[in-house]
Amino acid sequence: MLVSVLFSLAILTTAWCCPKHDNYQSHPHLGRRQVRIDVGREPKDWNYEHSSDWATIKPEYHLCQQGTHQSPINIVGQELAKHHQPTFEGYKNEPLPGNFFNWQFAPAFTPHHPDGQIMQLPSMKFDDREVFLIGWHIHAPSEHLVDGRRSRAEIHMVHVTEEDDEAAVIGIRIGVAPADTPTESAFIKQLGPMIHFNDTSQLEGLQVNVRLAIDEVGGLQEFWTYKGSLTTPPCSEGLRWFVPKQELLVSEAQMVQILAVSRFSHRVPQEVWLHDINL
Ligand SMILES: [Zn+2]
């Protein structure tokens with residue numbers, strides 16, 4: 001009994017950003033669509049209505065209150081970053097299969113990979129490090145603010161080290177293209193019909209070209225970067241955040257589609273302290 005309790009505690013305290021993106025396996029024999037409970041949708045003991053008080057839920061969440069470089073933040077009056085430039089040669093411009101689902105708050109995608117084969121995933125390089133994309137998910141509205149302005153949504157592209165430790169997240173804000181230059185996002189278009197936050201099924205084997213998201217924000221040539229944390233409990237620190245200057249622009253209809261299947265999912269902005277923005 002004690003062992004099983006300790007085991008479940010160990011699972012619950014594993015540091016992952018938002019959804020765990022652990023639903024990386026394909027099950028072609030089960031068909032393209034199926035009900036999967038608790039895969040990529042673990043039960044939560046926290047909610048967004050009380051995101052300023054997560055540390056009171058249990059001791060394991062203490063960093064949500066005591067952390068020195070918590071995320072998200074409001075990026076105010078900052079020049080663009082001159083260091084830590086990420087590169088994306090390891091993001092091939094081609095679709096890759098994965099599982100499309102809703103992480104209880106908004107759309108999400110986990111690319112397939114065989115067990116333990118993280119290095120097959122798209123990779124980003126920065127500071128002589130190589131990190132691998134284990135998945136992306138959306139928050140609505142955006143978690144990061146720029147000069148006090150919040151976007152309608154934000155994509156988190158979550159990257160881990162070869163050892164499967166979280167290392168870097170790209171936080172791409174999503175905005176609606178201006179009416180005089182209507183733009184449809186090819187990245188969003190390829191997803192097809194969205195899955196609602198109440199729907200526990202996932203679409204298996206959806207082909208998604210993740211490179212499009214990077215290209216649609218100018219390849220991250222212009223960005224801010226800082227030392228931050230997970231934006232959900234346990235609020236673990238030690239991740240590098242990249243926030244592209246450009247929003248990923250979608251059409252009005254695409255934004256409505258995203259919002260129609262999403263729930264309120266941003267943590268209150270955290271005070272800037274030891275974040276070393278752009279340093
Ligand atoms: Zn997230």
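Please read all numbers here as calculations on a predicted model, not as lab measurements.

Caption draft 1: Layout of the overall build of the protein chain. Secondary structure assignment for the protein chain yields 5 helices and 15 strands. Looking at the protein chain as a whole, 52% of its 279 residues qualify as buried. Put simply, of all contacts in the protein chain between residues at least 6 apart along the chain, 73% involve residues at least 24 apart. Entry remark: accessible area of the protein chain is about 12700 Å², with carbon and sulfur atoms responsible for 54%.

Caption draft 2: Structural detail: helix α5 (residues 252-260). Those residues of α5 lying buried are Gln-254, Met-255 and Ile-258. Across the axial projection of α5, the buried residues extend over an arc of 100 degrees, all falling on one side. More than 90 degrees from the buried face of α5, the exposed residues found are Glu-252, Ala-253, Val-256 and Ala-260.

Caption draft 3: Representation of the sheet that holds strand β2 (residues 74-75). Spatially, the 3 strands line up as an open sheet ordered β2-β8-β9, and their pairing is mixed. This sheet does not close on itself; its edge strands, each paired only once, are β2 and β9 (149-150). In this structure, strand β8 (residues 145-146) lies alongside β9, joined through 2 bridges in antiparallel fashion. The partner of Val-146 across the bridge, within β9, is Arg-149.

Caption draft 4: Quick look at the confidence of the model for the protein chain. Here the protein chain shows a mean pLDDT of 89. Residues at 70 or above account for 88%. Every residue in residues 1-15 scores below 50 in pLDDT, and together they form 10 contacts with partners more than four places removed in sequence or on other chains.

Caption draft 5: Seen up close, the nonpolar core. Counting 53 residues, the largest nonpolar core has Trp-136, Met-157 and Leu-248 as the members making the most contacts within it. With 5 residues, the single largest contributor to this core is strand β11 (residues 166-176). One finds Trp-224, Leu-239, Val-243 and Ile-277 within the second-largest nonpolar core, a separate group that totals 11 residues.

Caption draft 6: Up close: the pattern of salt bridges. Evaluation of the coordinates by the stated rule reveals 6 salt bridges. In this structure, Asp-22 engages Lys-20 in a salt bridge whose closest nitrogen and oxygen atoms are separated by 4.0 Å. With a closest N to O distance of 3.4 Å, Lys-189 and Glu-184 form a salt bridge. A relative accessible area of 55% places Lys-189 in the exposed class.

What counts and what doesn't
- Residues numbered from 1 in each chain as written.
- Predicted model: local features only at pLDDT ≥ 70, side-chain atom pairs only at ≥ 80, totals over all residues.
- Heavy atoms only, no water.
- Helix = DSSP H or I, 4+ residues; strand = E, 2+ residues; numbered from the N terminus.
- Buried < 20%, exposed > 50% of the residue type's maximum accessible area, 1.4 Å probe, protein only.
- Contact = heavy atoms within 4.5 Å.
- Areas by Shrake-Rupley, 256 points an atom, 1.4 Å probe, with all protein chains shown as cover.
- Arc of directions from axis to C-beta.
- Pairing = 2+ DSSP bridges.
- pLDDT = per-residue confidence, 0-100.
- Core = buried A, V, L, I, M, F, W, Y, C linked by side-chain atoms within 4.5 Å.
- Salt bridge = Lys/Arg side-chain N within 4 Å of Asp/Glu carboxyl O.

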